[in-house]
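Residue-level listing of the chains:
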Amino acid sequence: MSLLPNLRPVRNHRLAWMGGVLALALAASVSIGARTTMAAGTINILETGSSLLYPLFQLWVPVYTHTDPGVKITPQSTGSGTGISQAVAGIVQIGASDAYMSNALVKMHPLLNIPLCISMQMVNYNLPGLNKIHLRLSGPALAGIYSGTIRYWDDATIKELNPGVHLPHHLIIPVHRTDGSGDTFIFTQYLSFSTPSWSNNVSYGTTVTWPAVPGGIGAEGNPGMVTATQDNPYAIAYIGTSFQNAIEKQGLGIAVLKNRAGNFLLPSARTAEAAAAVMVPKTPQDERISLIFAPGAESYPIINYEYALVSRRQPSAEMAAALRKFFTWAISRNGGSTPHFMAAVHFVPLPAPVVKLSQAQIAQIQ
Amino acid sequence: MSFHLFTGLLACLVAGTLVIIVAFLGLYAWPAVRLNGFSFLYKNTWSLGFLYRNPITVHGQQVLRGAHYGILFLIVGTLLSTLVALAIAVPVGVGAAMFLAEGLPPSLQTWFSFFVELLAAIPSVVYGLWGYVVVIPFLGHRVFPFLARHFGFIPFFGGAVGSGYGLLTSGLVLSLMIVPLITATLRDALVAQQADLREAAVALGASRFEALRTVLLPATRRVLIGGSILATGRALGETMAVLMISGNAVNYLPGNIYAPISTMASFIVSQLDSALTDPTGMAVRSLAEVALVLCLISIVVNGFARILLYYEGRQSARVA
């Protein structure tokens, strides 16, 4: 079946010409690339995963390059699911994830799960006229919205939480992540720990089976979540605090969330540190633990360790040393965890006892 | 090695690749096929199960508790978006081909055709990005509400218009991607028709349009069918553009033409990384099963086209 159009000579000629230019450009760029890597004998460290941790890596890399000029770190924002799977596959040296690896996965692929800092998650919304007000929301209310039992913004459950607020009779557009995501992991943990029906039917994970909510939409990465919320009035979404500046710039709403003690709190360094203080003593040696829905009057309910997933065995001693040096710098209060870095992405540095645990894990990279 | 043997070997290699790919997909997906059974095709649940609980053993196979795989929503999304794309692209493509072949002076013909064919040369991710940045806000905030308000009486055109991500958007962007395939093939066929056919029709008193409609178009029907099938194949398998604009609906069927959907091809891309975090590997095998189904659908569509062309050929032979 000869169906393809006959290529006219004109086009052939043009294509050949364009191809030539392209080939030249490619050759040039390849040779330049080769020269830069060859010259310095640098160690290339690839990082991929969590889009929540990505903004911090972007701040870290240029500064760290001065500390250790022999190391070139390339971060990528691909989602924690990718972070986990590519670290497991050994494609990258650092897999970044907001979620620790499951027991079954760790048994198969014994990677280190090293916390680098503590982050929070916001629940954001785009309610025309109401974005300045911090709406009060609870785990069960969010579970209702994401399972489709609460369809309208003026639903009795939401009204009850927000007396005196004039809520519109408009369909809620719940936005969730389509890529494997640590944000999905911590958000669904909040719903699971606070709402038994969610725990039984959906549970938690980096990917969950979202109940079918007509009109609900999926988005890629935290940037995609911000765009989707901004583009869709009446949308609601869960977004990491490293995107708080973007949320504020777009004039979107930030919810106050109900914690285990029944108090409604905004994400802030204070409420995150309060929650961390409760959970730090419970953190085990391998540091795989959920910090979600912590007890305590002032504990913000959605905080988590930001993990670097790293192989214990590195292909070379140089690589192992470079990784140890970088991680040690990252969790140090004089290095990557200075208030300057932490405040920029609204993260909290690791408390001293956890720094010790992380250091012990870092020492295992050989 | 003789020329004959060498070319024969190459030909076998090409034909063998298809068999090998399908065979390997089938082998890899087999544990999933056994676990999922027929409900894979008619259920609307894609669930990796409880990723953070320990796996259990079913039929000697490690699986996660709560893992269920059913892809009806993907099959429906794939077929519907292709159908919408064809419904738009075939009339537009035929109209454009007629205009390019008959309605333009030859000097302009070359240029216009060149541009139409260039449309086919644009990588699909570019369509996706354009759809994401330009088309979705425009459709979602202006066109869809207008359509729902004034044409809501047509089945599936009423109801919630959503956000611009969805079936109609995917269909529209897909149709743009496949129009050039239809136009270019049909235009070439129209131009290639012998002048005597046209002259005979005109001599009988047919107007230019009548000659085109009653004589030239029927004579090129085979090409139109062929071109449309080629276009269908592209629409069925289109991945990137659809991934960016379909809304990636999971586990439900679209309620109307504006609703979010997912297609098999884009789903495989969007879910692969999540699937890789399943310690039992069943999720990846189930994705392979999706790929297998997509392959089979494409083969069926192509086979159907062959049969159609075969009968069409016999008919025209009889007429001649």
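One can find the structure itself at the top, above this paragraph.
The following refers to the structure shown. Model, not experiment: these values are computed from the prediction.

Turning next to the overall build of chain B. Looking only at helices and strands, chain B features 12 helices and four strands. Summarising its shape, the C-alpha atoms of chain B cover approximately 80 × 65 × 35 Å along the three principal directions. A total of 320 residues make up chain B; the buried ones form 48% of that total. In chain B, once contacts between residues fewer than 6 apart in sequence are set aside, the share between residues at least 24 apart is 78%.

All names here are of chain B. Counted by the stated rule, this structure contains 34 aromatic pairs over all chains. Where F73 meets F267, the ring centres are 5.9 Å apart and the plane angle is 85°; that geometry is what we call edge-to-face. Linking F73 in helix α3 (residues 72–103) with F267 in helix α11 (residues 264–276), this pair joins segments that are 194 residues apart in sequence. Using a relative accessible area of 2% as the deciding quantity, one classes F73 as buried. The exposure class assigned to F267 is buried, which follows from its relative accessible area of 1%. Centre to centre, the rings of Y310 and Y311 are 5.5 Å apart; their planes meet at 75°, and the pair counts as edge-to-face. When its relative accessible area of 48% is taken as the criterion, Y311 is described as partly exposed.

With that settled, consider a nonpolar patch on the surface. A cluster of nonpolar side chains, contributed by F99(B), L108(B), W111(B), F112(B), F115(B) and L118(B), occupies part of the molecular surface with about 600 Å² of accessible area. For the nonpolar patch, the element with the highest residue contribution is helix α4 (residues 106–121) of chain B, accounting for five residues.

A few words on the nonpolar core. Counting residues in hydrophobic clusters, the biggest one holds 161 residues, and the most contacted among them are W60(A), L142(A), I236(A), F327(A) and W46(B). A total of 11 residues in this core trace back to one element, the largest contributor, which is helix α12 (residues 282–319) of chain B. By size, the runner-up hydrophobic cluster in this structure holds 12 residues, among which are L139(B), V161(B), L168(B) and I261(B).

Let us look at the side chain of D154(A). Residue and element names in this part refer to chain A. Relative to the elements of secondary structure, D154 occurs in the loop between α5 (139–147) and α6 (156–161). For the buried D154, no salt bridge exists, and the shortest N-O distance to an oppositely charged side chain is 5.1 Å, to K159. One polar contact links D154 to H169, side chain to side chain, over a distance of 3.0 Å. D154 has contacts with K159, L167, P168 and H169, leaving out every residue within four places of it along the chain.

Once that is clear, we can look at the pattern of salt bridges. Taken as a whole, this structure holds seven salt bridges over all chains when the rule is applied. The partner of D179(A) in a salt bridge is R177(A), with the nearest N and O atoms 2.9 Å apart. We classify D179(A) as buried; its relative accessible area is 6%. Of the residues examined, R177(A) reaches a relative accessible area of 3% and is grouped as buried. A salt bridge links D188(B) to R187(B); the nearest nitrogen and oxygen atoms lie 3.3 Å apart. In this pair, the class of D188(B) matches that of R187(B), namely buried. In this structure, a network of salt bridges that share partners links the residues R177(A), D179(A) and D183(A).

Residue and element names in this part refer to chain A. Overall, mixed pairing links the three strands, which are arranged β5-β10-β11 in an open sheet. Of all strands in the sheet, those with a lone pairing partner are β5 (136–137) and β11 (264–265), marking the two edges. Where strand β10 (residues 256–258) and β11 come together, two bridges link them in antiparallel fashion. Paired with L257 across the two strands is L265, which belongs to β11.

For the rest of this paragraph, the subject is the environment of I254(A). All names here are of chain A. For I254, the position within the fold is in strand β9 (residues 253–254). For I254, a relative accessible area of 8% translates into the label buried. Sequence spacing of I254 and V345 is 91 residues, and the spatial spacing of their C-alpha atoms is 16 Å. Residues contacting I254, with those up to four places away along its chain left out, are M122, V123, N124, Y125, H134, L135, Q244, I247, E248, L266 and P267.

About the thresholds
- Residues numbered from 1 in each chain as written.
- Chains lettered and ligands numbered in written order.
- Predicted model: local features only at pLDDT ≥ 70, side-chain atom pairs only at ≥ 80, totals over all residues.
- Heavy atoms only, no water.
- Helix = DSSP H or I, 4+ residues; strand = E, 2+ residues; numbered from the N terminus.
- Buried < 20%, exposed > 50% of the residue type's maximum accessible area, 1.4 Å probe, protein only.
- Contact = heavy atoms within 4.5 Å.
- Phe/Tyr/Trp six-rings, centres within 6.5 Å; stacked < 30°, edge-to-face > 60°.
- Patch = residues over 30% accessible without salt bridge, like charges linked within 9 Å, V, L, I, M, F, W, Y side chains within 5 Å.
- Areas by Shrake-Rupley, 256 points an atom, 1.4 Å probe, with all protein chains shown as cover.
- Salt bridge = Lys/Arg side-chain N within 4 Å of Asp/Glu carboxyl O.
- Core = buried A, V, L, I, M, F, W, Y, C linked by side-chain atoms within 4.5 Å.
- Lys, Arg positive; Asp, Glu negative; His and termini not counted.
- Polar contact = N/O pair within 3.5 Å; in protein donor to acceptor, adjacent residues only side chain to side chain.
- Pairing = 2+ DSSP bridges.

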